[in-house]
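Take a look at the letters that make up each chain.
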Amino acid sequence: MAVHNNQGESGGSATLPDVVPFNLSHLTRQSWELGKSTVQDEKTGVLSRWAHQHEQWRLSAFEVTSETAIICIQTPVGRERFYGAIQLELQSAIQKLEANPSWQQVA
């Protein structure tokens with residue numbers, strides 16, 4: 001059974017789950033294999049990690065290149081979804097996480 005939990009789902013463009021308090025205009029969904037291998041690469045750096053206080057979602061942001069980031073969303077049941085993003089857009093969006101009382105940055 002498919003579960004629809006995406007903001008403004010529109011014709012195949014990637015969107016983040018509704019629990020994430022921001023949208024990115026240039027977002028691509030990555031396969032689990034590609035996302036996992038990318039974030040485990042020694043050249044990939046962690047930008048920030050976040051936890052939703054009530055719904056057990058987790059968000060991690062990684063720097064892949066000077067222009068590219070990977071976002072990993074972990075669902076409450078432990079599944080990981082990976083998204084490619086433009087780093088400049090993501091940096092602006094992180095401010096919305098900082099301002100949202102339901103999300104807390106974790107070490």
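Residues numbered from 1 in each chain as written. Predicted model: local features only at pLDDT ≥ 70, side-chain atom pairs only at ≥ 80, totals over all residues. Heavy atoms only, no water.

**Student:** Sorry if this is basic, but what is going on with the overall build of the protein here?
**Tutor:** Scanning the protein from N- to C-terminus turns up 2 helices and 6 strands. Each helix (α) and strand (β) of the protein, taken in turn from the N terminus, gives the series β-α-β-β-β-β-α-β. Expressed as a percentage of its 107 residues, the buried residues of the protein come to 37%. Restricting the contact set of the protein to residue pairs at least 6 apart, pairs at least 24 apart contribute 48%. (Helix = DSSP H or I, 4+ residues; strand = E, 2+ residues; numbered from the N terminus. Buried < 20%, exposed > 50% of the residue type's maximum accessible area, 1.4 Å probe, protein only. Contact = heavy atoms within 4.5 Å.)

**Student:** Help me out: how do you make sense of the pairing of strand 2 (residues 45-52) in this one?
**Tutor:** Successive residues of a regular strand alternate their side chains across the two faces of the sheet. The sheet contact formed by strand 2 and strand 3 (residues 58-63) spans 6 bridges and is antiparallel. Following the sheet pairing, Arg-49 is matched in strand 3 by Ser-60. As consecutive antiparallel partners, strand 2 and strand 3 are separated by 5 residues, and within that stretch Gln-56 has a phi angle of approximately 65 degrees, a positive value. Bridge count for strand 2 against strand 6 (residues 103-106) is 4 bridges, and the pairing is antiparallel. Opposite His-52, over in strand 6, you have Trp-103 as the bridge partner. (Pairing = 2+ DSSP bridges.)

**Student:** I keep staring at the sheet that holds strand 2 and nothing clicks. Help me out?
**Tutor:** Consider a sheet: its strands pair through backbone hydrogen bonds, and that pairing is either parallel or antiparallel. Taking strand neighbours across the sheet as the criterion, the 6 strands line up as 1-5-4-3-2-6 in an open arrangement whose pairing is antiparallel. Every other strand in the sheet has two partners, leaving strand 1 (27-30) and strand 6 as the edge strands with one partner each. Strand-to-strand twist of the sheet, defined as the mean angle between neighbouring strand axes without regard to direction, takes the value 25 degrees. Against the sheet, helix 1 (residues 32-40) touches strand 1, strand 3, strand 4 (68-74) and strand 5 (80-86), its axis set at about 70 degrees to strand 5. Sitting on the sheet, helix 2 (residues 87-99) touches strand 2, strand 3, strand 4, strand 5 and strand 6, and the angle it makes with strand 2 is about 30 degrees. (Axes fitted to C-alpha atoms, helices over the stretch in contact; angles between N-to-C directions.)

**Student:** I'm lost on the nonpolar core in this one. Help?
**Tutor:** Most often, soluble globular proteins have nonpolar side chains that are buried together. Among the nonpolar cores identified, the biggest contains 20 residues, and Phe-22, Leu-24, Leu-59, Ile-71, Ile-73 and Leu-90 are the most heavily contacted of them. If you tally residues by element for this core, the top one is helix 2, at 4 residues. Excluding its chain neighbours within four sequence positions, the residues that come into contact with Ile-73 are Leu-16, Pro-17, Val-20, Trp-57, Arg-58, Leu-59, Arg-79, Glu-80, Arg-81 and Tyr-83. (Core = buried A, V, L, I, M, F, W, Y, C linked by side-chain atoms within 4.5 Å.)

**Student:** It is not clear to me how the environment of Pro-17 should be interpreted in this structure. Could you clarify?
**Tutor:** Inspection of the secondary structure puts Pro-17 in the segment before strand 1. Residue Pro-17 is classed as buried on the basis of its relative accessible area of 0%. Once the C-alpha coordinates of Pro-17 and Thr-75 are considered, the two residues, 58 residues apart in sequence, prove to be 9.3 Å apart.

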